[in-house]
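What follows is the residue order along each chain.
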Amino acid sequence: MDGIMMSKNNFCTGAIYEYSSWNKYWEGTFKRENLNLGTVTTEKIAINGNYGITDKFNVIFSIPYVKTNASAGTMEGQKGFQDLSLTLKYMFFEKNIKGNPLSFYALGGYSIPTSNYVADYLPLSIGLRSKVGTFRLMVDYQYKSVFATVSEAYVERSNITIDRNVYYTDVMHYTNQVKMPNAISFNARAGYRTSRLIAEAVFDAWTTQKGGFDITTNNMPFPSNTMNMTKIGFNGKYNLKQIPGLAIIAGGNHVVTGRNVGQSDTFYGGLFYVLDFKTKTATTNEK
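In this text the structure is predicted, and so the values were computed from the model without any measurement.

**Overview of the pairing of strand β7 (residues 83-97)**
- Pairing of strand β5 (residues 57-70) with β7, which is carried by six bridges, proceeds in the antiparallel orientation. Counted as the bridge partner of asparagine 58 is lysine 89 from β7.
- Where β7 meets strand β8 (residues 100-113), 14 bridges bridge the pair, whose relative direction is antiparallel. By the bridge assignment for β8, isoleucine 97 is matched with asparagine 100.
- Counting the residues that bridge the hairpin from β7 to β8 gives two residues, and of these lysine 98 lies at a positive phi of roughly 55 degrees.

Here you go:
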């Protein structure tokens with residue numbers, strides 16, 4: 001969700017470790033604690049990659065391994081590979097305004113579960129097992145070393161199958177099929193950006209569309225709950241001068257407001273390396 005494109009025939013790959021925890025959550029709009037859960041933690045290691053088909057068209061993938069845990073109660077944490085995601089990113093318009101670039105992007109994404117994890121085990125399930133399609137529009141403007149990026153996406157989710165034939169939302173359902181509500185995702189980021197360093201503040205909002213419902217009093221969450229949240233955070237990236245192509249990233253965020261979600265604090269860090277296949281191809285051709 002940034003205004004950066006991978007150059008043609010360049011492949012960036014690496015891993016991110018993420019740690020998230022919360023001990024308060026919103027049951028509908030009521031913020032509460034639950035001594036049967038204590039502190040809920042989620043650890044994630046994701047392998048990511050981005051390949052430049054052209055300078056304006058990139059293919060991005062990610063696959064995370066997730067582990068959850070609760071510090072109290074009898075619910076056992078879960079672990080396993082979650083969902084494989086594939087995203088196509090296209091810069092369809094670019095213009096320099098007095099030497100300052102203005103760019104527009106379209107992104108299309110699709111994710112699919114990679115393991116038979118249990119979705120109906122919130123808040124300790126590692127995912128929701130829905131196949132997800134995402135379409136995002138994004139605009140980025142940079143003035144000298146200062147930039148701002150804004151994007152919005154529509155997220156469409158498929159039905160899921162759970163391991164029970166009767167369940168209650170706001171009405172009784174005599175089926176094992178759960179209709180998942182779609183969502184709107186909004187992201188804004190701004191900060192300092194050069195070829196060596198990126199430092200940015202990030203605002204992120206997730207809004208569930210029609211079809212969701214609130215957690216009922218003293219009950220477990222359910223996959224098709226309305227799950228709204230706004231987060232603020234920071235993100236940084238530094239390209240090492242000593243090792244060209246190697247970059248360090250780090251960041252974090254805090255959930256400010258929410259509905260049927262935990263008020264989590266998240267921190268992450270990772271390493272990425274860029275392989276320039278264009279240079280290798282040119283060298284081979286010269287030989």
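Okay, back to it.
**Digging into the packing of aromatic side chains**
- Within this structure, the stated rule accounts for eight aromatic pairs.
- Geometrically, the ring pair formed by phenylalanine 57 and tyrosine 90 is edge-to-face, given 6.4 Å between the ring centres and 75 degrees between the ring planes. Pair noted here: phenylalanine 57 is in strand β5 and tyrosine 90 is in strand β7, with a separation of 33 residues, a long-range link.
- Using a relative accessible area of 27% as the deciding quantity, one classes phenylalanine 57 as partly exposed.
- Using a relative accessible area of 41% as the deciding quantity, one classes tyrosine 90 as partly exposed.
- Here phenylalanine 93 and phenylalanine 104 contribute two aromatic rings whose centre-to-centre distance is 5.7 Å and whose plane-to-plane angle is 65 degrees, an arrangement assigned as edge-to-face.

**Structural notes on the environment of asparagine 182**
- Positionally, asparagine 182 belongs in the loop between β14 (177-178) and β15 (183-193).
- Excluding its chain neighbours within four sequence positions, the residues that come into contact with asparagine 182 are Tyr154, Val155, Glu156, Arg157, Thr207, Thr208 and Gln209.
- At a separation of 3.0 Å, a polar atom in the side chain of asparagine 182 contacts the side chain of tyrosine 154.

**Digging into the side chain of arginine 189**
- For arginine 189, the location among the structural elements is in strand β15.
- Using a relative accessible area of 14% as the deciding quantity, one classes arginine 189 as buried.
- From its side chain, arginine 189 meets the backbone oxygen of methionine 1 in a polar contact 3.4 Å long.
- A distance of 2.7 Å separates a polar atom in the side chain of arginine 189 from a polar atom in the side chain of glutamate 200.
- In this structure arginine 189 touches Met1, Phe147, Ala148, Thr149, Glu200, Ala201, Val202 and Asn235, once residues within four positions along its chain are discounted.

**Re the confidence of the model for the protein chain**
- The predicted model of the protein chain averages 95 in pLDDT, with 97% of residues at 70 or higher.
- Within the model, pLDDT remains below 50 along residues 283-287, and this stretch shows zero contacts once partners closer than five positions in the same chain are excluded.

**Focus on the pattern of salt bridges**
- The final tally for this structure, using the stated rule, is seven salt bridges.
- Of the charged contacts, one joins aspartate 2 and lysine 89 as a salt bridge, the two residues approaching to 3.1 Å between their closest N and O atoms. On the criterion of sequence distance, the pair formed by aspartate 2 in the segment before β1 (10-22) and lysine 89 in strand β7 is long-range, its members being 87 residues apart.
- Judged by its relative accessible area of 3%, lysine 89 falls in the buried class.

About the cut-offs
Residue positions within a chain follow its written sequence, with the count starting from 1. With pLDDT at 70 or above as the cut-off, local features in this predicted model cover only qualifying residues; side-chain atom pairs require 80 or more to be listed or tallied, and sums for whole chains, interfaces and linings still use all residues. Hydrogen atoms and water are omitted, and side-chain values are computed over all heavy atoms in the structure. Strands qualify as paired when DSSP identifies two bridges or more between them. A helix here means a DSSP run of H or I that spans at least four residues, while a strand means a run of E at least two residues long, and both kinds are numbered starting from the N terminus. Under the pairing criterion, centres of Phe, Tyr and Trp rings, with the six-membered ring standing for Trp, must be within 6.5 Å; the plane angle then separates stacked pairs below 30 degrees from edge-to-face pairs above 60, leaving the rest tilted. Exposed residues in this analysis have more than 50% of their type's maximum accessible area, buried residues have under 20%, and partly exposed residues fall in between, with area computed by a 1.4 Å probe over protein chains only. Only heavy atoms enter the contact rule, under which two residues are in contact if any of them lie within 4.5 Å. Definition of a polar contact: a pair of N or O atoms within 3.5 Å, with one able to donate and the other able to accept a hydrogen when the atoms are protein atoms, and with sequence-neighbouring residues admitted only if both atoms are side-chain atoms. Note on scores: pLDDT gives the predictor's confidence for each residue, bounded by 0 and 100. For this analysis, a salt bridge means a side-chain nitrogen from Lys or Arg found within 4 Å of a carboxyl oxygen belonging to Asp or Glu.

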